[in-house]
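Here is what each chain is made of, one letter per residue.
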Amino acid sequence: MIGNKENCPCGSGKMVQDCCGRTTEPGTNQIQLELINILNSYYETALPPGDVQRLQEMLGAWNQRLGGWMEEEELMSNVSDYYFFVVRKDLWRRHLVKALNRTQNKAVRGILKNWQNSFVTFAEVTSSDEQVYHMKEILGEGEYMLAREEGEPEDVRVVLAIVLEEWRNDERWVMPISAVAVNKHMSDELVEQVRKLAESSDEQNSFDFFKDYLLDIYEFVCKLDAQTLSDVVEQNFTPLQQEVVEILDAKLEDMELLPGAYEMLLSLMAYYFVEKQPKFRKPEVLAAAAFQLASDVRMMPEIYTQAEVAKLFGVSVSSFKKHTDALYEKIGELEEVMAEGNGSGAPYYIGTDPRPDEQTHWQIHMLSANQDFDSMEEAQAYIQQAMQKPFEPENRQQESQMLCYMAYHAETPEQRNDFAEMAYGADPTNVDALLLRAEMTDSKEEKGKLLKQAVFSGEKQFDDRAEDTWAFVTNRPYLRALLTYGVWLYGQERYGESSEMFLIALTSDLHDYQGIRYLAISSLIYQNEIKQAEQVLNACTEISEHDAAYLYLSWLIEMEKSQGASEKSAELFVRAEQANPYVGALIHTSAEKMKYPRAAEVKPGTPEEAQYIWFLM
């Protein structure tokens, strides 16, 4: 519903809290209070016996088809919303007429007149930010906005909802009565099924179509949502192997596994079942082995000894240890495959924070910048002696940068914030101080403003005289600002702007020590700028062709170009899997994606790298 800071719908030009929404209750407004009361009172409408019987019959029909997926309360809520706002839309309109006669609030009256149009929307999310989804109807031409609630997932692509129409300052909004958000993994198939259903129906308008077929569409959603790892297990595992997974699931139910850990664990077990074909009679034995592995490789925060695991599953240590060892061997084999495709397999750095050694390089630069040495030996001797003493800033600018590094290296969030505040106080134009300040604010508008300011401030200080601009340590804050602002824009799904930041950084930093090339390619793919994404990919072939991220993005580009119909795409996926075999499980299950890290050392071919690659896809 309309917020306190929005322009009042009455047209006065004032904010809601200073106009029709004025109230003595903090955190709400009179418009909200009246509208909520009107909605709640509608659900309390006394229905005639015929309507009661019809509603009960409808509940029984929906329960028969959806009861296996929905809890009773959720099912009753969906049926009630459908009945009161779609089937008996006439009752809703009568209720609004009565409400209009009772209120003198000009803004409320305007909204109630719009609310007479209740309908079902099946819409694609064309863009979104932290506050709003911009949507376009899939079976029609309508476009409107839907307020986005805090904590909603980032990957919503389609919304199925019963809504009320609202006009706010000449913009068409909808307010959801009930809604289902569908992610990218499910959206394409759902859209295809609904379109086929619409083509086969006799209905001439979308309202009548959804009125007749909403139950069928809910069933589509539930079936697609249920196509999770459970179906993978059922289709590919033997009954005894399925029992292993069921026992493991029961023990893991209350555990907080790391994102994607369960998918990786199950993928590893599938490899073991297929390739090793282990012999066992008690499924608890294999479940215990998998649980022990999850504990040992830190897929869960808790650490269990072998004796504790044996007690938990009611088996002996000796019975499951050999299977745990075999699973370890499988991890080793996968890592060997990875190493063959990634040279030394040395960890690489990703993140928006500085590399750990940057502060040392910066201090050396500050100490030697104004010195005149006759030889390299003299310079080295001076620096060695100077580095034995605590660094003493010579001015506010140096003090600010030193405090920024202290913030980046802080052990707690509180310390990080404290150092960041001091850095900004010492020099509010310092690039890193602006980045840290942006990190601290919850305001989207303020965060964007500070990140832009950091980029602008860094650009003024940037020295492009060397081919490898990263070599100038004073350049790194600017490159970091481009990366950080780009990552933030990427998270807002503003891919055009994020790719612009990443490409500026790539042009400035030819050697790309920050992994920006993959973020740039990913942003371009999201924009459907496949040709340009391929150009960037080809430009970094020499330094990247063995990287798992490079190989998976190559595959993704080929898939987009050929719509999955080329032999080359299959070959590229095989190569990518050899570089990192853990990504496939994340793709197949549409696992939760990590947030781009502040700082992380990633070892090629590991589950951690798979999470990073999945973020890019």
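Summary of the structure given here. Positions within a chain are numbered from 1, following the residues in the order the chain's sequence is written. It should be noted that, the model being predicted, local features are given only for residues of pLDDT at least 70 and side-chain atom pairs only at 80 or more, the latter also being counted only at that level, while totals for whole chains, interfaces and linings use all residues. Think of the side-chain values as coming from all heavy atoms in the structure, minus any hydrogens and water.

## Overview of empty space enclosed by the protein
For each structure, a 1 Å grid was placed over the protein atoms alone; sets of points admitting a 1.4 Å probe that cannot get out are labelled cavities, open sets with protein on both sides within 12 Å along at least five of seven lines are labelled pockets, and lining residues have an atom within 4 Å of a point. Grid points are joined across faces, edges and corners, and a volume is the space filled by probe spheres set on the points. Tallied over the entire structure, the rule returns 2 cavities of 30 Å³ or more. Put simply, the second largest cavity is a space of about 30 Å³. Contributing to the lining of the second largest cavity are Ile2, Pro9, Ile111, Glu166, Trp167 and Arg168. Broken down by element, the residue count for the lining of the second largest cavity peaks at 3 residues, all from strand 4 (residues 156–168). A run of DSSP states H or I qualifies as a helix once it reaches four residues; a run of E qualifies as a strand once it reaches two. Both are numbered from the N-terminal end.

## Notes on the packing of aromatic side chains
Here a Phe, Tyr or Trp ring, Trp counted by its six-membered ring, pairs with any other such ring whose centre lies within 6.5 Å, and the pair is stacked when the planes are under 30 degrees apart, edge-to-face when over 60, and tilted otherwise. Evaluated as defined, the whole model comprises 23 aromatic pairs. Geometrically, the ring pair formed by Phe291 and Phe313 is edge-to-face, given 5.4 Å between the ring centres and 65° between the ring planes. Of this pair, Phe291 sits in helix 11 (residues 283–296) while Phe313 sits in helix 12 (residues 306–313), placing them 22 residues apart in sequence. Each member of the pair, Phe291 as well as Phe313, is classed as buried. By way of ring pairs, the aromatic residues Tyr42, Tyr83, Phe84, Phe85, Trp92 and Trp115 are connected into one cluster. Partly exposed describes any residue whose relative accessible area lies between the buried limit of under 20% and the exposed limit of over 50%, with all areas from a 1.4 Å probe on protein chains only and scaled to the type maximum.

## Details of unusual backbone geometry
A positive phi is found at Glu493, a non-glycine position, where the angle reads about 65°. By the element assignment, Glu493 lies in the loop between helix 20 (476–491) and helix 21 (495–508). Since its relative accessible area comes to 18%, Glu493 is described here as buried. One non-glycine residue with positive phi stands out, namely Asn528, at about 70°. Mapped onto the elements, Asn528 comes out in the loop between helix 22 (516–526) and helix 23 (530–539).

## Thoughts on the nonpolar core
The nonpolar core is taken to be a set of buried Ala, Val, Leu, Ile, Met, Phe, Trp, Tyr and Cys residues, with the residues joined through side-chain atoms within 4.5 Å. With 79 residues, the main nonpolar core has Phe502, Tyr518, Leu519, Ile521, Ile525 and Met617 as its most contacted residues. Among the elements that make up this core, the one with the highest residue count is helix 20 (10 residues). The contact partners of Phe502, leaving out residues within four places of it in the chain, are Leu482, Leu483, Gly486, Val487, Tyr490, Ile516, Leu519, Ala520 and Ser523. Contacts: residue pairs with any heavy atoms within 4.5 Å of one another.

## Some points on helix 12
For helix 12, the set of buried residues is Val309, Ala310 and Phe313. Buried residues of helix 12, viewed axially, fall in a sector of 100°; they line one side. Exposed residues on helix 12 whose side chains face more than 90 degrees from its buried face are Ala307 and Lys311. In the segment just after helix 12, Gly314 is the residue with positive phi, at about 70°. Arc definition: it is the arc formed by the directions from the helix axis to the C-beta atoms.

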